[in-house]
Amino acid sequence: MRSLVVCPNWVGDLVMAAPVIRALADAGRQVVALAKPGLRPLAGLLAGITTTLDRLPDDRDTIEAIRAAGCAEAVILPNSFHSAWLPFRAGIPRRAGYRTQLRAPLLDPGLPLPRGRRRRPQIADYAELLTALGVPPPPDWVPRIELPASLAEQGRERLERARLRPGEGPLVGLFPGAEAGPAKRWPWRRYAALARELRRARPDVQPLIVAGPKELWMAVRVHEESGKLHPVIGPELDLAGLAGVLAHLDLLVTNDSGPMHLAAALGVPCVALFGPTDPRRTAPAGDGHRVLYLDRRCSPCFRRRCPFLHHSCLRGLTVERVRDTALARLAEIRPPGGGGAGA
């Protein structure tokens, strides 16, 4: 049986969907992934996918490509009307998804949105879709990505061109961005202060600033504010190339973001800073991560911008607290004076 997976539109959500793809493949399905073109390099890293289709600008072309793939069922992970309409128009007989945005007639089976879903892990939503199709769950719900050796080597070379030394002093990535909105971003000046504090506390630490194309301005400001010592890496890379770089990190300090989930799936420990979103739903999966969350009366609000304009859910996290958490986790991974780990 060939199964279509309509992929989420965000990097982190797609990473969290990796166990769904693994479960379908383990159940004997040939998995066809429908993803936005920018996510295709990431989809190519997820074990179990046999074919990837692009969501093209013209829906007629996308529908024709889906129809030609010959899928007998679809797992619709996004909750938008459009994501259910495409497999419906392509004539896929079974289409599992949640009954939201007036799309119930497009689904078979259609599931009601569970109460309190924002207070439970997002992977629980995906688990119910598998159950509706009679697919056994995966052994665990921790996303894992195994990089090809060639991609890991390209990442190492990219770091070396930036005058960093993988395998020597600990590599600590700082990711000041979050595409879903400014409310999710710890102030960029604090990332700059954190870079200085980490180097002051542990001179062997090698900080680098991770950025995608949309975060370049923030990354440059952090670079300049922290003395122009720490390179900016990532804006020119696709998601597979970014994964090749992240895989060499010893630690990533990050907002709740796509690179957070990507790093966690690569086995990189994260210090994750949460504010308007709920770590119960989207914390990095797996062991070894540290989540900092103040749980204000107004949080989690899930807003793109703070409705009260004070952003205290993130601004209340001090540089000292983030520094101490990062240093403590780093001491467990790479004690001062210890040998190089080497990714």
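On a predicted model such as this, the values are computed, not experimentally measured, just so you know. (Residues numbered from 1 in each chain as written. Predicted model: local features only at pLDDT ≥ 70, side-chain atom pairs only at ≥ 80, totals over all residues. Heavy atoms only, no water.)

1. A closer look at the environment of Q30
Put simply, the test is: Helix numbers and strand numbers start at the N terminus; a helix is a DSSP run of H or I with at least 4 residues, a strand a run of E with at least 2. We call a residue buried when its accessible area falls under 20% of the maximum for its residue type, exposed when it is over 50%, and partly exposed in between, using a 1.4 Å probe and counting protein chains only. Whether two residues touch is decided by their heavy atoms; if any such pair falls within 4.5 Å, the residues are in contact.
Along the chain, the position of Q30 falls in strand 2 (residues 30-35). By relative accessible area, which is 39% here, Q30 ends up partly exposed. Each C-alpha atom of the pair Q30 and T50 lies 6.2 Å from the other, and the pair is 20 residues apart in sequence. If we ignore the near neighbours within four places in the chain, the residues touching Q30 are M1, R2, S3 and T50.

2. So, helix 2 (residues 18-26)
Most of helix 2 sits inside the fold, with seven of its nine residues counted as buried. Inspection of helix 2 places A18, P19, V20, I21, R22, A23 and L24 among the buried residues, and these make up the whole buried set. In this structure, the buried side of helix 2 is in contact with strand 1 (2-6), helix 1 (11-16), strand 2, strand 3 (49-54), strand 4 (73-76) and helix 6 (122-132). Looking at the residues trailing helix 2, positive phi occurs at G28, about 90°.

3. Let's talk about the pattern of salt bridges
Heads up, the condition is: Criterion for a salt bridge: a side-chain nitrogen of Lys or Arg within 4 Å of a carboxyl oxygen of Asp or Glu.
With the rule as written, the count across this model stands at 21 salt bridges. Ionic pairing is found between D125 and R281, a salt bridge with its closest N-O pair at 2.5 Å. Of this pair, D125 sits in helix 6 while R281 is found in helix 12 (residues 279-282), placing the two residues 156 residues apart along the sequence. For the pair D125 and R281, one class covers both residues: buried. Overlapping salt bridges, with partners in common, bring together R120, D125, E128 and R281 in one network.

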